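Results of the structural survey
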Amino acid sequence: MTRYDVIVVGSGVAGSLVAHRLGRYGRRVLVLEAGAADPGDGAVDDPLTTYLAASGLVPGSALGARPEAPSPEVTDIVGADGTPGYRTAGHLHQDGPLPYASGYVRANGGTGNVWTGLAPRMLPEDFDTEAFGYGRRWPLGYEELEPSYRAAEEELGVAGDADEQREHVGLPLPDGYVFPMRPLPAARLDGVLAARLDGRRVTDPVARREVELRVVGTPHARNGVPDPRYDAGRGYVPRGRHGRPEPESRCVGNASCIPHCPSYAKYTPLKTQGRWSTGVILKDRSVVSRVLVDASGRATGVEYRSYDGRASVAHADVVVLAAHAVENARLLLLSGLAGRSGQVGRHLMDHPVLLTWGLLPEDAGPYRGPGSVSGFEGFRAGPARRVRAPFRVEFGTWGWVWAKGPVDTDVRHFLAERSLIGADLRKAVGDRIRRQFTLQFEMEQSADPANRVTLHPTERDPLGLPRPLVTYDLDTHVKEGMAAARAVSDQIFGLLGAEDHTDYTPAAAWPGRFEYGGRTYGYRGAGHAAGTHIMGDSPDTSVVDSWQRCWDHPGLYAVGCGSMPSVATSNPTLTMAALALRSAERVEADLASRDRPVPLAPPPTSPTASETSPTRGVPE
């Protein structure tokens, strides 16, 4: 049996970064991944080919999901008439009034392989929503996390406009700071919206105030043009497929970021893994079933199972859980650990996304480049969040794909409803697709102990472990935010002269559907699970401290979005990466303290006259 300095459970963004940073310090690190490192079984080791050959086209299909470590997919949730208005199947069971509408990927690299690549920071006020009368306060603030944000932007290779983020988002970036790469070029849709809407004002009917519209670029963890001013003029070299410097690796607009970037411009954890030291070992197809602790509660290792059910044990001085917010909570519950506060699994958050979609009078240029490049930032902050959830507005540049599905649905529409064929069909479909656009309102959801992950009392996975069970709902604060967002959307469509095609039917396509204030709303899940091992400044009310150390168990860390007390309005990957890097430094400091030699006092001797004189004294 080999002993390690650190065991990391999960090889996604957080786990890969922690392992990389500790490996740089010369630590022996074992990374245990439940999923497969490659599709295997004779499959072609190319994500896009694997995806296209799959029977069901969902993001995880590109990674060759394995039944022994199943991944929850959004297709596991189907809308239904009645109460509740949905049905679920698959790995993640649910019993809440509304569905937790997101999935996640259990494979090497995790969901970080199929994310959108958007990497904005949280705002300073996002770290204390208690000041606005809801949610929970972080045990650290923006200022404390800011150096780690910069480190994360270097590790992920973020492209953005620092001046724009200062002026139009309100981020207090350090003087002279620039992102590693210049911002990505604006999409055609961004230019159309900027020309029509910049400087115009819309009314937020919930907060009863006007908001000025301005198109602002979103930072991306995606290779663009390096900024020569970065790092005090040393610049930045983009990293390619295996994490090695590749100056020519750039985004070329493939528009397939989910599930796969063929040019390898988008950051994935595999790029970080390509830079791991030889002291970091990845063992895939290894499902951790229990964290081991000694009589004092200190973490000593883990028990894990291979796909044939065989159990093994690995030991280490530190165990880092980085297996996704749902799976981290599940593992703590399976282990019976960190239960003093009663908060394990509670406070499950996501970004419920309200979608509205329509047709512009002119060409929107869809399906060129990333799914979203820019958005409106004016609804994220300020006193309005006292009365309704804040939100970011992303411009969806991939037509109606998130709302209605792939372009096949447009073809079926004209075939079934207009009986068009041949040249008439091609012309109608082409005209419809080129004018499509979507507004994506990413809502903040606050920490609520009633939204939670527990262990299913009877359902087991293929290895005999209890499946996770989710209870989920949206509170009035979120619904008020959606009401404001829909009203804003109506005004924007009017200013654009756009045809509004938003329609949350049929029921089967919208499991996240509800009535509020006499209007029907539908939401999608953003895949941004958070809050299930929430951090705080007291072991009586939180699971981990500001370093993501479990209060109850020395040597045990739970890292990732599950530690976040608020999910705010920004895509959380960059914040998760910053927290992971910060925790890795704390792990290293703890290990270095362990390794430091204990000073020994000199052996006692019989004092001489000179040694006992007033001028000499006892050695300190």
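In the block above lies the structure referred to throughout.
A brief structural summary. Predicted, not measured: the structure shown is a model, and the values here were computed from it.

The rules we used
Residues numbered from 1 in each chain as written. Predicted model: local features only at pLDDT ≥ 70, side-chain atom pairs only at ≥ 80, totals over all residues. Heavy atoms only, no water. Helix = DSSP H or I, 4+ residues; strand = E, 2+ residues; numbered from the N terminus. Rg over C-alpha atoms; globule rule 2.2 N^0.38 Å. Buried < 20%, exposed > 50% of the residue type's maximum accessible area, 1.4 Å probe, protein only. Contact = heavy atoms within 4.5 Å. Areas by Shrake-Rupley, 256 points an atom, 1.4 Å probe, with all protein chains shown as cover. Lys, Arg positive; Asp, Glu negative; His and termini not counted. Charge placed at Lys NZ, Arg CZ, Asp CG, Glu CD. Axes fitted to C-alpha atoms, helices over the stretch in contact; angles between N-to-C directions. Left-handed = near helix turned anticlockwise from the far one by under 90°. Nonpolar A, V, L, I, M, F, W, Y, C, P; charged D, E, K, R; others polar. Salt bridge = Lys/Arg side-chain N within 4 Å of Asp/Glu carboxyl O. Polar contact = N/O pair within 3.5 Å; in protein donor to acceptor, adjacent residues only side chain to side chain. Pairing = 2+ DSSP bridges.

**Considering the overall build of the chain**
Along the backbone of the chain there are 13 helices and 22 strands. For the chain, the C-alpha radius of gyration of 26 Å lies close to 25 Å, the compact-globule estimate for 620 residues. In terms of overall dimensions, the chain has a C-alpha envelope of 110 × 55 × 50 Å along the principal axes. Taking all 620 residues of the chain together, the buried fraction comes to 59%. Look at the contacts in the chain between residues 6 or more apart in sequence, and 72% of them connect residues 24 or more apart. As presented, the chain carries roughly 24300 Å² of accessible surface, and 52% of it is formed by carbon and sulfur atoms. Distance from the positive charge centre (68 side chains) to the negative charge centre (74 side chains) of the chain: 2 Å.

**Things to note about the packing of helix α1 (residues 13–24) against helix α13 (residues 573–595)**
Where α1 meets α13, the axes come as close as 9 Å, and the angle between the chain directions of the two elements is 35°. Here α1 runs over α13; the crossing is right-handed. Across the interface between the two elements, V13, A14, L17, V18, R21 and L22 from α1 touch T573, M576, A577, A580, L581, A584, E585, V587 and E588 from α13. Among the residues making up the contact of α1 with α13, the classes are represented as 11 nonpolar, one polar and three charged.

**Brief notes about the side chain of R136**
Mapped onto the elements of the fold, R136 is located in the loop between β5 (93–94) and α3 (142–156). Lacking a salt bridge, the buried R136 has E130 as its closest oppositely charged neighbour, with an N-O distance of 5.8 Å. Polar side-chain contacts of R136 include one of 2.8 Å to the backbone oxygen of T541. For R136, the residues in contact, after removing those within four places along its chain, are T129, E130, Q343, H347, A447, I534, M535, T541, S542 and P565.

**What about the pattern of salt bridges?**
Oppositely charged side chains may form a pair once their charged atoms are brought near each other. Scanning all chains against the criterion turns up 42 salt bridges. Close ionic contact of D317 with R3 constitutes a salt bridge, the shortest N to O distance being 3.3 Å. With D317 in strand β12 (residues 311–321) and R3 in strand β1 (residues 3–9), this pair connects stretches of sequence that are 314 residues apart. Of the charged contacts, one joins R486 and D500 as a salt bridge, the two residues approaching to 3.9 Å between their closest N and O atoms. Here D500 lies in strand β19 (residues 499–500) and R486 lies in helix α12 (residues 476–496), a separation of 14 residues in the sequence. Classification of R486 as buried rests on a relative accessible area of 7%. Overall, D500 belongs to the partly exposed group, its relative accessible area being 35%. Several salt bridges share partner residues, and in doing so they unite R21, R24, E155, R275 and E585 into one network.

**A look at the sheet that holds strand β17 (residues 452–460)**
Ordered in space as β5-β18-β17, the three strands form an open sheet in which the pairing is mixed. Either end of the sheet is taken by a strand with one partner, and the two such strands are β5 and β17. Judged from the two bridges that link them, β5 and strand β18 (residues 466–471) form a sheet pairing that is parallel. The partner of Q94 across the bridge, within β18, is V470. Along the sheet, helix α8 (residues 325–335) contacts β17 and β18; its crossing angle with β17, the most-contacted strand, is approximately 65°.

What is shown is where atoms sit, not what they do.
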